[in-house]
Each structure stands twice: as structure tokens, then as C-alpha cells.
Amino acid sequence: MSLWSWFLLPTLCLLPTSAAPRRGAPASANCELKPQQSELNSFLWTIKRDPPSYFFGTIHVPYTRVWDFIPDNSKEAFQQSSIVYFELDLTDPYTISALTSCQMLPQGENLQDVLPRDIYCRLKRHLEYVKLMMPSWMTPDQRGQGLYADYLFNAIAGNWERKRPVWVMLMVNSLTEVDIKSRGVPVLDLYLAQEAERLRKQTGAVEKVEEQCHPLNGLNFSQVIFALNQTLLQQESLRAGSLRIPYTTEDLIKHYNCGDLSSVILSHDSSQVPNFINATLPPQELITAQEIDSYFRQELIYKRNERMGKRVKALLEEFPDKGFFFAFGAVAKWLQLVPEYPAWLKLCWTGWCM
């Protein structure tokens, strides 16, 4: 997640750490991935109290891609904590049904009615291409698990004509070969939620589905059409071989596994939305892109951080004798805490503290 530090406190110290704490330069983009415990950097912070509580920065990718690089201190903190909180309650069926409902157009409407004809035709053509290519994108492991292309396409893109354009834009952005190959394995957040349930830990969420969903539905129509058009242009250029994405999911995973907190690449997991700002855009379109970027930062980062921070603070004050493990997407949410935090809430990147 993005590192825009609006609410950093004097009591928040962010210093390098590892499974076996040691001083040294932060991990670089060119780190050598060596899963020895003594070499691993941690995305774990400790809240100094008795019993201690923890913040852990997750990443929204299959847990198998990062688990071996998560230090033992993070796994032990999870095991020792009696209460585990996530952004959303990922094991509650209501979460899925509410997200589905939030994505839908009003009753009786469909995309063909609301989209400009040329964009609708390009969208339909691109989805037909994805459906045609998906069998070749599937891995042997996926097929061995009984996961087949038609089923997967319908699970992701089924009923697409009934979805709001902004959610179709996000769907198109995720229908890539790399993302398809990762389907079928729980992302790290979901894996931790399943483990917490298996271990019979008390679990909870600091957000409601509507709080994540409604800001996306708050873009005006012209902004949504611009965003969908830009997403289709990008995918069409990728198909034609005339564009290369500067930061890929693989880059994101590598920097997370390197413990590279400062990396600009981690900012690309900030709000699960693409960045439309491009210096080659005409002036008016550039203004639209900047307005969208500003809106998403305000709604999905700054306001969200403050809301989540206040709820974390309230939980810690209400249950001073409980050990919490907060698993939120790294890094923006919980590095930017709210000014109301008291002095006793002393946060340190686990292993070092001033």
C-alpha cells in the first residue's frame, strides 16, 4: 500500500528490523531473496503494552508466494495473539454478498444501456479475447485442483453486463494472465483469516463493506467512462505488444519479500485501482486523471486511514488486557495514524524502538 504519511506521530518509530534484529541498510530493490530467518525483514510492528499487540502488513497476493519470506517473529505474534482483526471479515458470507450487491447497476439497467456504444463494443471484444485465451493461461496445478477456464471466467466476469462501469474497469484490470495463474490459492489476508478461524481465535473487522465500496461508486459518470476507456486502451496495447507495464505483480511480490518498505512499487497496491496519470494525455484528460487520483487518495487512503485508526484506538482502549493482531494491507493504512493517539500507544517496527 502507498506510503503517504499525513498522520505520522512522534511516537511512531519506523526502523529496520529482521527476524533476528540487526542494524543495516534497508532492503533494496535488488535484494537477494534468501529465505534464511536471519536475513528476513519484517512488516511487523509492536504496540508496547502488556500483553503486546501487533500490526502486520499484508499483501493481496497468493499466500504461497510470500509465506516463506515472512519471518518467524511475525508468525509467532499471530500465534500468541488472542484476537485477530482484518480490514473486512473475509470469512463472513455477508461480506461477499454485500460486495456483489454494491457492484450492481440499479434494477432494470445493464451496461449496454449506460456505456457509449464504442466503449461497450471494445469491452465486449476484450472479454471475448480473455475467454478465448484463458485455457492457455491456466496452470497444471489449477487444472489438477479441478479449476477450469470456463468456470473461472464465469466466477470473475459472470454477469458483467449488470455491473457498474467502475467495477467492470477493476474487473478488466485483473483479467490478466499473471492474475489468472494465481487464482485458486487464498491471498495472504484470507489465509490468515482462515488460520485464525481454524485456531478458534476471536476475529473481527475494522471496516464495513459499504465503506470500501461506496467511494468507488462515488465517481461521476464522465470520470468512470474516462477510467474504463484508459483501462481498455492499456489492455489493447498490451495485447498488441506495444506497451510494457513498468510495475508488475511480480515486482510487488519481490519488494514485499525483500522487506523493502520504502519502495515506490509498494504504492501500486494502495487502493486496488489503476493509476491513470500519464504525461502523454491531452491537457483536459490529464486534469481528469489527476482529479480521479486525488479523489481516490482522499477517500481510499486518507479518510480511510483516519477512520481505521480511530477504531483500532478504541479497541485497544476498551480491551487493555487483550493481545491484538491487526492484519492490514501494507503500508499506507496503519503507518498514517490519527493525531488523537495517546502517548502510551508506542509503535515500533518490531526489533528496534527509540
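Everything numeric here is computed off the predicted structure, so don't read it as measured data.

Engineer: Any chance you could break down helix α9 (residues 188–198) for me, citing the residues and the numbers?
Structural biologist: Those residues of α9 not exposed but buried are Leu 188, Asp 189, Tyr 191, Leu 192, Ala 193, Glu 195 and Ala 196. Positive phi shows up at Arg 200, right after α9, with a value of about 60°.

Engineer: If you had to explain unusual backbone geometry to someone new, which residues and values would you point to?
Structural biologist: Looking along the chain, the bond that leaves Asp 50 and enters Pro 51 is cis, with omega of 0°. With respect to the secondary-structure elements, Pro 51 resides in the loop between β2 (44–47) and β3 (53–58). Despite not being glycine, Asn 159 has its phi angle at roughly 65°, a positive value. Assignment of secondary structure puts Asn 159 in the loop between α6 (149–157) and α7 (165–174).

Engineer: If you had to explain the confidence of the model for the protein chain to someone new, which residues and values would you point to?
Structural biologist: Put simply, the protein chain has an average pLDDT of 79, and 76% of its residues get 70 or more. In the model, residues 1–29 has pLDDT below 50 throughout and makes 96 contacts with residues more than four positions away in sequence or in other chains. For residues 268–272, every residue scores under 50 in pLDDT, and the model assigns this stretch 15 contacts once sequence neighbours within four places are set aside.

Engineer: Talk me through the state of the cysteines; I want residue IDs and the actual numbers.
Structural biologist: Taken as a whole, this structure holds 1 disulfide when the rule is applied. Paired through a disulfide, Cys 102 and Cys 213 show a sulfur-sulfur distance of 1.5 Å. Residues Cys 102 and Cys 213 share a disulfide whose torsion about the S-S bond is about -110°; that sign makes it left-handed. Highlighted residues: Cys 102 in helix α2 (residues 93–103) and Cys 213 in helix α10 (residues 209–217), separated in sequence by 111 residues. Each member of the pair Cys 102 and Cys 213 is classed as buried.

What counts, and at which threshold
- Residue numbers restart at each chain and count upward from 1, following the sequence in its written direction.
- With pLDDT at 70 or above as the cut-off, local features in this predicted model cover only qualifying residues; side-chain atom pairs require 80 or more to be listed or tallied, and sums for whole chains, interfaces and linings still use all residues.
- For the side-chain quantities, the full set of heavy atoms in the structure was used; hydrogens and water were omitted.
- The cut-offs for exposure are 20% and 50% of the maximum accessible area for each residue type, with area from a 1.4 Å probe on protein chains only; residues under the lower value are buried, those over the upper are exposed, and the others partly exposed.
- Labels follow the DSSP assignment, with helices taken as runs of H or I lasting at least four residues and strands as runs of E lasting at least two, numbered in each case from the N terminus.
- Confidence per residue, as judged by the predictor, is encoded in pLDDT with a range of 0 to 100.
- Only heavy atoms enter the contact rule, under which two residues are in contact if any of them lie within 4.5 Å.
- Cysteine sulfur atoms are paired as a disulfide whenever they fall within 2.5 Å.

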